[in-house]
Amino acid sequence: DGGITQSPKYLFRKEGQNVTLSCEQNLNHDAMYWYRQDPGQGLRLIYYSQIVNDFQKGDIAEGYSVSREKKESFPLTVTSAQKNPTAFYLCASIPLLGSTEAFFGQGTRLTVV
Amino acid sequence: RKEVEQDPGPFNVPEGATVAFNCTYSNSASQSFFWYRQDCRKEPKLLMSVYSSGNEDGRFTAQLNRASQYISLLIRDSKLSDSATYLCVVTPSVQGGKLIFGQGTELSVKP
């Protein structure tokens, strides 16, 4: 079955550590997105990528980094520069042509301990 | 101006009520429009697509007005299980760009 997979579901980070969240899709979608959601808040765009080896900053990119070495994969690294990383992180993908909906991973809940 | 603006919530309604959510978007080149439902601490799930001709699925009706850059969702005969946050979503143009979410409208259906 085609879909989008995020891992891990829960992640704990010590202050000062970098952590990487995985997002993989086998839908052959061109574009992939990372969002952050805080309790009671909407989704805020961190980074997105429309083609391999290219990506753009979203609205809250500071303290995060991404790569897009393969079409299927778009990992997000939360660096130590991100001062308040505790949040729910969602990855999404869409094709650039056509009217299909966005597909989401199940999310990663990151907690700083 | 925000790229997608959605009615602020929360909406607290009794069972059986009809409730409407609205969303406006700024990019006239946007391709597609959707309503998603998000339950607490879960990923958003597709509720329905939105077309200019209107789209009805049981108690849910979605409408798109491209001229006014406006989409809507109507829920009739609300059920307790409809309680969730509803998100409007606008996909980028064929040239690409951001996948934009409204900030979400929380619906609470009470007995």
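The text that follows walks through the structure, step by step, so that each part is easy to find. No experiment lies behind these values; they were computed from the predicted model shown.

**So, the overall build of chain B**
Within chain B one finds zero helices and 11 strands. When its helices and strands are written in sequence order, chain B yields β-β-β-β-β-β-β-β-β-β-β. A globule of 111 residues ought to have a C-alpha radius of gyration of about 13 Å, and chain B, at 14 Å, matches this closely. Along the longest, intermediate and shortest principal axes, the C-alpha atoms of chain B span 45 × 30 × 25 Å. Residues counted as buried form 49% of the 111 residues belonging to chain B.

**Points about the side chain of Gln82(A)**
Residue and element names in this part refer to chain A. Summarising the element assignment, Gln-82 is placed in the loop between strand S8 (76–78) and strand S9 (87–94). On the basis of relative accessible area, Gln-82 is assigned to the buried category, the value being 12%. From its side chain, Gln-82 meets the backbone nitrogen of Asn-84 in a polar contact 3.0 Å long.

**Structural notes on the pairing of strand S4 (residues 33–38) of chain B**
Residue and element names in this part refer to chain B. Counted residue by residue, S4 has six buried out of six residues, so it is predominantly covered. Sheet topology places S4 next to strand S9 (residues 84–90); six bridges connect them, and they run antiparallel. Looking at the pairing, Gln-38 lines up with Thr-85 of S9. Bridge count for S4 against strand S5 (residues 45–49) is four bridges, and the pairing is antiparallel.

**Focus on the interface of chain B and chain A**
Across the contact, 22 residues belong to chain B and 24 residues belong to chain A. A combined buried area of about 1,800 Å² lies between chain B and chain A, and 58% of that area is made up of carbon and sulfur atoms. Taken together, the connections running from chain B to chain A amount to one salt bridge. The interface formed by chain B and chain A includes five residue pairs in polar contact (both at pLDDT 80 or more). With three residues, the single largest contributor to the side of chain B that touches chain A is S4(B). Looking at side-chain class alone, the side of chain B that touches chain A contains nine nonpolar, nine polar and four charged residues.

**Here's the deal with the pairing of S9(A)**
Residue and element names in this part refer to chain A. Most of S9 is tucked away, with eight of its eight residues classed as buried. Where burial is concerned, the two faces of S9 agree: the one with Ala-87, Tyr-89, Cys-91 and Ser-93 and the one with Phe-88, Leu-90, Ala-92 and Ile-94 are both buried. Across seven bridges, the pairing between strand S4 (residues 31–37) and S9 is antiparallel. By the bridge assignment, Tyr-33 is partnered in S9 with Ala-92. Relative to strand S10 (residues 103–104), S9 runs antiparallel, the two sharing two bridges. Bridging across to S10, Ala-92 finds its partner in Phe-104.

**A word on the pattern of salt bridges**
Pairs may arise between side chains of opposite charge once their charged atoms sit close together. According to the stated counting rule, one finds 10 salt bridges over all chains in the structure shown. Residue Asp38(A) pairs with Arg44(A) through a salt bridge whose shortest N-O separation is 2.8 Å. The exposure class assigned to Asp38(A) is buried, which follows from its relative accessible area of 13%. A relative accessible area of 38% places Arg44(A) in the partly exposed class. Between Arg59(B) and Asp82(B) there is a salt bridge, with its nearest N and O atoms 2.8 Å apart. Of this pair, Arg59(B) sits in the loop between strand S6 (55–57) and strand S7 (60–65) while Asp82(B) sits in the loop between strand S8 (70–75) and S9, and the two are 23 residues apart along the sequence.

**What about the state of the cysteines?**
Within the structure shown, the criterion is met by two disulfides over all chains. Here Cys23(A) engages in a disulfide with Cys91(A); their sulfurs sit 1.9 Å apart. The S-S bond linking Cys23(A) to Cys91(A) shows a torsion near -80 degrees; that makes this disulfide left-handed. Of this pair, Cys23(A) sits in strand S3 (residues 19–25) while Cys91(A) sits in strand S9; the two residues are 68 residues apart in sequence, bridging distant segments of the chain. Judged on exposure class, the residue Cys23(A) and its partner Cys91(A) are both buried. Bridging Cys23(B) to Cys88(B), the disulfide has an S-S length of 1.6 Å. Taken together, the positions of Cys23(B) in strand S3 (residues 19–25) and Cys88(B) in strand S9 put the pair 65 residues apart, joining distant regions of the chain. Grouping residues by exposure puts Cys23(B) and Cys88(B) together as buried.

Cut-off values and rules
- Residues numbered from 1 in each chain as written.
- Chains lettered and ligands numbered in written order.
- Predicted model: local features only at pLDDT ≥ 70, side-chain atom pairs only at ≥ 80, totals over all residues.
- Heavy atoms only, no water.
- Helix = DSSP H or I, 4+ residues; strand = E, 2+ residues; numbered from the N terminus.
- Rg over C-alpha atoms; globule rule 2.2 N^0.38 Å.
- Buried < 20%, exposed > 50% of the residue type's maximum accessible area, 1.4 Å probe, protein only.
- Polar contact = N/O pair within 3.5 Å; in protein donor to acceptor, adjacent residues only side chain to side chain.
- Pairing = 2+ DSSP bridges.
- Contact = heavy atoms within 4.5 Å.
- Buried area = accessible area lost by both parts, 1.4 Å probe.
- Salt bridge = Lys/Arg side-chain N within 4 Å of Asp/Glu carboxyl O.
- Nonpolar A, V, L, I, M, F, W, Y, C, P; charged D, E, K, R; others polar.
- Disulfide = S-S within 2.5 Å.

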